[in-house]
Amino acid sequence: MPGLVSTISVRPGPPVQTGDVLLTVEAMKMETVLHAPRDGVVKEVLVHPASPIDAKDLLVMLEG
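Here the structure is a predicted model, which means the values were calculated and not measured.

(A) Region of the structure containing the overall build of the protein. From N to C terminus, the protein includes zero helices and seven strands. Its helices and strands in sequence order give the protein the pattern β-β-β-β-β-β-β, from N to C terminus. In summary, the protein has a C-alpha radius of gyration of 11 Å against a globular reference of 11 Å for 64 residues, a match within 12%. Taken along the three principal axes of its C-alpha coordinates, the protein extends 35 × 20 × 20 Å. A total of 64 residues make up the protein; the buried ones form 28% of that total.

(B) Geometry of the pairing of strand S1 (residues 3–8). One ladder, built from two bridges, connects S1 with strand S6 (residues 52–53); its direction is antiparallel. Each bridged residue has a counterpart across the sheet, and for Gly3 the counterpart in S6 is Ile53. Both S1 and strand S3 (residues 21–27) contribute to a ladder of four bridges, which runs antiparallel. Residue pairing in the sheet places Leu4 in a bridge with Glu26 of S3.

(C) Region of the structure containing the nonpolar core. Ranked by internal contacts, the top residues of the largest apolar core, which has 13 residues, are Val16 and Leu23. Within the residue set of this core, elements represented by two or more residues are S3 and strand S7 (60–63). Of all the elements, S3 adds the most residues to this core, at three residues. Those residues within four positions of Leu23 in sequence are excluded, and the remaining contacts are Thr7, Ile8, Ser9, Thr32, Val33, Leu34, Val47, Leu59 and Val60.

(D) Highlighting the environment of Lys43. Tracing the backbone through its elements, the reader meets Lys43 in strand S5 (residues 40–45). Residue classification places Lys43 among the partly exposed residues on the basis of a relative accessible area of 45%. Setting aside anything within four residues of it in sequence, one finds Lys43 in contact with Pro12, Met61, Leu62 and Glu63.

(E) Quick peek at the side chain of Thr24. Mapped onto the elements of the fold, Thr24 is located in strand S3. Here Thr7 takes part through its side chain, which lies 2.6 Å from a polar atom of the side chain of Thr24. With near-sequence residues (within four places) excluded, Thr24 lies in contact with Leu4, Val5, Ser6, Thr7, Thr32 and Val33.

(F) A look at the sheet that holds S7. Taken together, three strands build an open sheet; the order of strands is S2-S5-S7 and the sheet is antiparallel. The open sheet terminates on both sides in strands that have one partner only, identified here as strand S2 (15–16) and S7.

Rules of the game
- Residues numbered from 1 in each chain as written.
- Predicted model: local features only at pLDDT ≥ 70, side-chain atom pairs only at ≥ 80, totals over all residues.
- Heavy atoms only, no water.
- Helix = DSSP H or I, 4+ residues; strand = E, 2+ residues; numbered from the N terminus.
- Rg over C-alpha atoms; globule rule 2.2 N^0.38 Å.
- Buried < 20%, exposed > 50% of the residue type's maximum accessible area, 1.4 Å probe, protein only.
- Pairing = 2+ DSSP bridges.
- Core = buried A, V, L, I, M, F, W, Y, C linked by side-chain atoms within 4.5 Å.
- Contact = heavy atoms within 4.5 Å.
- Polar contact = N/O pair within 3.5 Å; in protein donor to acceptor, adjacent residues only side chain to side chain.

Now the structure itself:
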């Protein structure tokens, strides 16, 4: 579903654990929190607040 990035809770470099909040997305006046699917290190954040996104867009890259 198309939406906008509301907030970003991570930056490249620090490790994240499964379930950590990565970012929030606003779509249809509702906010959805996106969590880390696995442990890893944030390699790159590909969006910024207010970025328009669509289904299957790559938002954050994790390593490890």
